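A closer look at the structure
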Amino acid sequence: MIRIVILWAILIAANLMIRPLMPIDETRYVGVAWEMWVRGDFLVPYLNGETYSHKPPLLFWLMSVSWWLFGVNDWTARIISPLFALGSTLLSGLMAKELWCDRPQVAELTPLILLGTFFWLLYSTLTMFDMLLAFFVLLAIYSVLKLSQSNSWRNVFLLGIAIGGGVLSKGPVVLLQILPVA
C-alpha cells in the first residue's frame, strides 16, 4: 500500500505541476467554490452572481474546507479529486482482495494497473466531480459485497454513506451504477 501511495503522489504531483486548470469545467467549478468562499454562503452555490444549481455542492464544500484548513491557493482546490482517486485506487485493491481471495496477486496488481492507465491518471487530476462519484460508487459496491457476506449494521451504514456521498457529488446518477450490482 505504501508503494501505491508513493507512486500516486509522484504521478499526481507531476501532472498537477505541468498543467494549469483546464477551461471550461475546472475553472468554472473553482469559480463557483470561490464565490461561495467570498460570499460566505455555503448553502447556495453561485456563478457570476447567479445561483448555480447545475451540480450538487459536495466538491464546492470540499474546496471551501480545504481553503479554510490550508489557506486559499491553487493546490488546495486541485488536490481534492486526486485524493478521491487515491481512495478509489485503494478501494479497488480491497474489492479485488474480497473477490479473488484465493489469488492475492490480483489484489496487489489491481491498484497498480489502475494507476497505470492514461485516462485514470488524466481524470484523477481534473477538478471535477468524476473522481468523487467513482469513489462513492466503489465504496457502495464494496459495502454491497460485504453485505452479501454478513448483514452487519456497519455495512448498511457504509452503504448509506456511499449513496449519500454519491448523491451530493453527482446526483442520483450514483444509483444507476449501484443498483445493478446490488
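Okay, so let's go over this structure. (Residues numbered from 1 in each chain as written. Predicted model: local features only at pLDDT ≥ 70, side-chain atom pairs only at ≥ 80, totals over all residues. Heavy atoms only, no water.)

Some points on the environment of Ala162
Position of Ala162 among the secondary structure elements: in helix 9 (residues 153-170). In sequence terms Ala162 and Ser143 are 19 residues apart; their C-alpha atoms lie 8.4 Å from each other. In this structure Ala162 touches Phe136, Leu139 and Ala140, once residues within four positions along its chain are discounted. (Helix = DSSP H or I, 4+ residues; strand = E, 2+ residues; numbered from the N terminus. Contact = heavy atoms within 4.5 Å.)

What to know about helix 3 (residues 58-70)
With 13 residues, helix 3 ought to run about 18 Å at 1.5 Å a step, and its terminal C-alpha atoms sit 18 Å apart, in line with that. Of all the positions in helix 3, only Leu58, Leu59, Phe60, Met63, Ser64, Ser66 and Trp67 are classed as buried. Its buried side turned inward, helix 3 meets helix 2 (25-39), helix 4 (74-78), helix 5 (80-99), helix 8 (130-149) and helix 9. Just beyond helix 3, the residue with positive phi is Gly71, at close to 90°. (Expected span 1.5 Å × (residues − 1). Buried < 20%, exposed > 50% of the residue type's maximum accessible area, 1.4 Å probe, protein only.)

Some remarks on helix 9
Here helix 9 contains 18 residues, and its C-alpha end-to-end distance of 26 Å stays within 8% of the 26 Å for a straight helix at 1.5 Å per residue. Within helix 9, the full set of buried residues consists of Asn155, Leu159, Ala162, Gly165, Gly166 and Ser169. Along the axis of helix 9, the buried positions cluster into a sector of 135°, meaning they face one direction only. Facing away from the buried surface of helix 9 by more than 90 degrees, the exposed residues are Trp153 and Phe157. At its buried positions, helix 9 is contacted by helix 3, helix 8 and helix 10 (174-181). The N-cap of helix 9, judged by a side-chain oxygen 3.1 Å from the amide nitrogen of Arg154 a few residues on, is Ser152. Following helix 9 by one or two positions, Gly171 has its phi on the positive side, about 100°. (Arc of directions from axis to C-beta. Polar contact = N/O pair within 3.5 Å; in protein donor to acceptor, adjacent residues only side chain to side chain.)

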